Amino acid sequence: KILNNAVKLAMQPVLSTAKALVPKDTGALMASLRIEVRKPTTRDKKSIYVNPSDVVIGTVTTAPGKVLAKKSFTNLKTKKKQKGIESDARAIANEFGTGKMAAHPFMRPAIESTAPQTLGSLSNSLSTALDKYRSKHNK
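Residue indices begin from 1 for each chain and proceed along its sequence in written order. It should be noted that, the model being predicted, local features are given only for residues of pLDDT at least 70 and side-chain atom pairs only at 80 or more, the latter also being counted only at that level, while totals for whole chains, interfaces and linings use all residues. Neither water nor hydrogens contribute to the side-chain values; these are computed over all heavy atoms in the structure.

Per-residue accessibility, obtained with a 1.4 Å probe over protein chains only, is compared with the maximum for each type, and a residue is labelled buried under 20%, exposed over 50%, and partly exposed between these values. Where helices and strands are cited, they refer to DSSP runs of H or I of at least four residues and of E of at least two residues respectively, numbered from the N terminus. Burial in helix α1 (residues 2-10) covers these residues: Ala6, Val7 and Ala10. Projected down its long axis, α1 carries its buried residues within an arc of 95°, all on one side. Here, the arc refers to the directions that run from the helix axis to the C-beta atoms.

Below, the structure written as structure tokens:
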């Protein structure tokens, strides 16, 4: 639990930067971004970005379809409150482009620009949690 909370806290600057950089058409893509912290799956461990010894991974991702269907947001074009976001490939299309649309990356720049801040936040959170644990159990 300590590690999950620390990773989630450390990923907040990445989420904020990604939301600032994401192309804003209707605002649905920005509203769908969230932090996900979990144990790596077998599929995750096949990635070059996940080590077999990793206990927790944190990602900024779009919410799954079931969550998006319940989510409310203000449509930036119409200025009206809207319920439900279509679950489609708009994040991937914006990040990497398509045959008809140039790429507008927002995730990689968000991760790269906040990497030092993320690492610092993670180390501070873990240090604080370990100090609390040590003081509590060394009585």
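Only a minority of non-glycine residues have a phi that is not negative, and only a minority of peptide bonds are not trans. In this model, lysine 79 sits at a positive phi of 60°, which is unusual for a non-glycine residue. Its place among the elements puts lysine 79 in the loop between β3 (72-74) and β4 (81-83). Classification of lysine 79 as exposed rests on a relative accessible area of 61%.

This part is about the nonpolar core. Side-chain atoms within 4.5 Å link the members of a nonpolar core, which is a set of buried Ala, Val, Leu, Ile, Met, Phe, Trp, Tyr and Cys residues. Counting 15 residues, the largest nonpolar core has Met11, Ala18, Leu33, Val60, Phe106 and Met107 as its most contacted members. At the level of elements, α2 (12-21), β1 (33-38) and α7 (107-137) are the ones that each hand at least two residues to this core. Whether two residues are in contact is decided by their heavy atoms, any of which lying within 4.5 Å being enough. Discounting chain neighbours no more than four positions away, the residues touching methionine 107 are Ala18, Leu33, Val60, Thr61 and Glu95. Judged by nonpolar contacts, the second largest core, of six residues, contains Ala31, Ala63, Leu68 and Ile85.

Where α2 is concerned, the buried positions are Pro13, Val14, Leu15 and Ala18. Buried residues in α2 make contact with α1, β1, β2 (57-62) and α7.

Taken by themselves, the reported measurements are silent on function.
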